[in-house]
Amino acid sequence: ESLLIDSDDKNLWFMWGKIKRRYIVGETFAMPVNDAVKLAHMSKRDVGRVMSQLVKLGALHLIQSGKSGKMSGRAAIYRREI
């Protein structure tokens, strides 16, 4: 978590807090962009960047990348690692 704090990104830290509070370690969850926007109160533009940073830092593992589009029906699936 020290890497998250040192990143100086409030959106990153807030999203991690919401994920940490909602999901336990090892749990797999789907995170559509619209749900992430509502969960962390950030713009759609920032969601992809924040989630990819969480994956790079090792907090999450990306199991399946989502597909853009309202009719695609495929959300990104993540597993909480720490």
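These notes cover the structure that comes with them. Bear in mind the structure is a predicted one, so any value in this text is a computation, not a measurement.

Reading the values: the criteria
Throughout this description, residue numbers start from 1 for each chain and increase along the sequence as written. Side-chain atom pairs in this predicted model are given and counted only at pLDDT of 80 or more, local residue features only at pLDDT of at least 70, and totals for whole chains, interfaces and linings cover all residues. With hydrogens and water set aside, each side-chain value is computed from the structure's full complement of heavy atoms. Helix numbers and strand numbers start at the N terminus; a helix is a DSSP run of H or I with at least 4 residues, a strand a run of E with at least 2. For a helix, the expected span equals 1.5 Å multiplied by the number of residues minus one. Per-residue accessibility, obtained with a 1.4 Å probe over protein chains only, is compared with the maximum for each type, and a residue is labelled buried under 20%, exposed over 50%, and partly exposed between these values. Directions pointing from the helix axis toward each C-beta atom define the arc. By definition, residues are in contact when any of their heavy atoms lie within 4.5 Å. Angles here are taken between N-to-C directions and fall from 0 to 180 degrees, while the axes themselves are lines fitted to C-alpha atoms, restricted in helices to the stretch in contact. Our angle categories are set so that under 35 degrees counts as roughly parallel, over 145 as roughly antiparallel, 65 to 115 as roughly perpendicular, and the remainder as oblique. Three categories are distinguished: nonpolar for Ala, Val, Leu, Ile, Met, Phe, Trp, Tyr, Cys and Pro, charged for Asp, Glu, Lys and Arg, and polar for the others, with Gly belonging to the last.

**Remarks on helix α4 (residues 44-56)**
So, step 1. In this model, α4 (13 residues) spans 19 Å end to end at C-alpha, consistent with the 18 Å of a helix rising 1.5 Å per residue.
So, step 2. Among the residues of α4, those classed as buried are D46, V47, V50, M51 and L54. With its buried residues spanning 130 degrees around the axis, α4 presents them on a single face. Residues R45 and K56 are exposed on α4 and point more than 90 degrees away from its buried face.
So, step 3. Looking at the packing, one finds that the buried side of α4 touches α1 (2-6), α2 (10-22), β1 (28-31), α3 (33-40), β2 (60-64) and β3 (76-80).
So, step 4. Backbone geometry just after α4 places G58 at a positive phi near 90 degrees.

**Topic: the packing of α2 against α4**
So, step 1. One way to put it is that α2 packs onto α4 with a least axis distance of 10 Å and a crossing angle of 70 degrees. One finds that α2 runs roughly perpendicular with respect to α4. Contacts between α2 and α4 involve N11, L12, M15, W16 and I19 from the first element and D46, R49, V50, M51, Q53 and L54 from the second.
So, step 2. When its residues are assigned to classes, the contact of α2 with α4 shows seven nonpolar, two polar and two charged.

**Quick notes on the environment of V25**
So, step 1. Inspection of the secondary structure assignment puts V25 in the loop between α2 and β1.
So, step 2. Counting along the chain gives 56 residues from V25 to E81, while the straight-line C-alpha distance between them is 5.7 Å.
So, step 3. Setting aside residues up to four positions removed in sequence, V25 forms contacts with R80, E81 and I82.

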